[in-house]
Amino acid sequence: WAQDCLVSNIPVKQDFDKYKFQGTWYAVAKKDPVGLFLLDNIVATYKIEEDGTMTASAIGRVIILNNWEMCANMFGTFEDTEDPAKFKLKYYGAAAYLQTGYDDHWVIDTDYENYAVHYACRELDYDGTCLDGYSFIFSRHPEGLRPDDQKNVTARKQDVCLLGKYRRVEHTGFC
Ligand code: ODT
């Protein structure tokens, strides 16, 4: 058996419940896309609006215009798809010079109470693998993942074909 790494074959969370996913998540690790944006001190807060739409805000340290360091305030709206764990994320910043975009937003795995594995492929390669993507490992706990959750997270990193490609995301209190 060999893993094919086709984006269309990546397993996502079964019966994802966006209501249970609400609230605050601390990024503990990240695989960067080309032209990375959020550096560290990344915290995302998800909410379900009255009409059922999932929205989120996120903060994180960024460097814009080559060397201006700041905390970005970002906002996003999620469009549902036929798979409850796969969304399209439309996002923009509180200031015009911050990134805007329209990305996939897949929840690969979560137990809702401790850890979550996010994945987004921005550009498919000709063979159906991902040419440019990013992924966040989130924890409910600012101190990081519980030891109990490490083996699930490692297995999911492998599922998205990004094992070994993550860096640690620091929380220094900058934002
Ligand atoms: O940092 C990068 O290199 C790419 C990430 C850019 C997307 C940031 C947009 C955040 C908009 C608010 C949504 C919050 C949800 C966060 C979950 C994961 C990050 C997209």
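Now for a description of the structure that goes with this document. Predicted model, so just to flag it, every value in this text is computed and none were measured.

Reading the values: rules and limits
- Residues numbered from 1 in each chain as written.
- Predicted model: local features only at pLDDT ≥ 70, side-chain atom pairs only at ≥ 80, totals over all residues.
- Heavy atoms only, no water.
- Near = heavy atom within 4 Å.
- Polar contact = N/O pair within 3.5 Å; in protein donor to acceptor, adjacent residues only side chain to side chain.
- Helix = DSSP H or I, 4+ residues; strand = E, 2+ residues; numbered from the N terminus.
- Nonpolar A, V, L, I, M, F, W, Y, C, P; charged D, E, K, R; others polar.
- Patch = residues over 30% accessible without salt bridge, like charges linked within 9 Å, V, L, I, M, F, W, Y side chains within 5 Å.
- Areas by Shrake-Rupley, 256 points an atom, 1.4 Å probe, with all protein chains shown as cover.
- Salt bridge = Lys/Arg side-chain N within 4 Å of Asp/Glu carboxyl O.
- Disulfide = S-S within 2.5 Å.
- Buried < 20%, exposed > 50% of the residue type's maximum accessible area, 1.4 Å probe, protein only.
- Contact = heavy atoms within 4.5 Å.

## Observations concerning the site of the ligand
Close to the ligand lie 19 residues; Lys30, Pro33, Phe37, Leu38 and Tyr46 are nearest. Here lysine 30 contributes a side-chain N or O atom positioned 2.9 Å from an oxygen atom of the ligand. Between the ligand and the protein, one listed contact pairs an oxygen atom with a backbone N or O atom of phenylalanine 37 at 2.9 Å. Looking at the shell around the ligand, the elements with two or more residues in it are β2 (40-48), β3 (54-64), β4 (68-80), β5 (86-93) and β8 (130-139). Across the shell around the ligand, the residue classes break down as 15 nonpolar, 2 polar and 2 charged.

## Structural notes on a nonpolar patch on the surface
Together, Leu65, Trp68 and Tyr97 line one region of the surface with nonpolar side chains, adding up to about 380 Å² of accessible area. Relative to the elements of secondary structure, tryptophan 68 occurs in strand β4.

## A word on the state of the cysteines
Applying the stated criterion to the full structure yields 3 disulfides. Residue cysteine 71 pairs covalently with cysteine 175 via a disulfide, S to S 2.2 Å. Given an S-S torsion of about -105°, the disulfide between cysteine 71 and cysteine 175 has left-handed geometry. With cysteine 71 in strand β4 and cysteine 175 in the segment after β9 (167-168), this pair connects stretches of sequence that are 104 residues apart. The exposure class of cysteine 71 is partly exposed, given its relative accessible area of 25%. Going through the protein in sequence order and numbering each bonded cysteine, the pairs you get are 1-5, 2-6, 3-4.

## Points about the environment of threonine 45
Mapped onto the fold, threonine 45 is located in strand β2. Classification of threonine 45 as partly exposed rests on a relative accessible area of 31%. Separated by 22 residues in the primary sequence, threonine 45 and glycine 23 have C-alpha atoms spaced 5.1 Å apart. Excluding anything up to four places from it in sequence, threonine 45 contacts Gly23, Thr24, Thr55, Ala56 and Ser57.

## Notes on the environment of methionine 54
Residue position: methionine 54 is located in strand β3. Residue methionine 54 is classed as buried on the basis of its relative accessible area, which comes to 1%. C-alpha separation for the pair methionine 54 and lysine 88, spaced 34 residues apart in sequence, amounts to 11 Å. With residues near it in sequence (within four places) discarded, methionine 54 still touches Lys18, Tyr46, Lys47, Ile48, Thr77, Phe78 and Phe87.

## Points about the side chain of aspartate 104
Inspection of the secondary structure puts aspartate 104 in strand β6 (residues 101-110). According to the relative accessible area criterion, aspartate 104 is buried, its value standing at 18%. At a separation of 2.9 Å, a polar atom in the side chain of aspartate 104 contacts the side chain of lysine 88. Those residues in contact with aspartate 104 that sit more than four places away from it in its chain are Phe87, Lys88, Tyr119, Ala120 and Cys121.

## Here's the deal with unusual backbone geometry
In this structure, asparagine 41 takes a positive phi of about 55° despite not being glycine. Note on placement: asparagine 41 falls in strand β2.

## Quick notes on the side chain of aspartate 109
Position of aspartate 109 relative to the elements: it lies in strand β6. A polar contact is formed between the side chain of aspartate 109 and the side chain of tyrosine 115, at a distance of 2.9 Å. Look past the residues within four positions of aspartate 109 in its chain and what remains in contact with it is Lys13, Tyr115, Ala116, Val117, Asn152 and Arg156.

## Thoughts on the environment of lysine 151
By secondary structure assignment, the location of lysine 151 is in helix α2 (residues 147-159). In the structure, lysine 151 is positioned 12 residues away from leucine 163 in sequence and 12 Å away in space, judged by C-alpha atoms.

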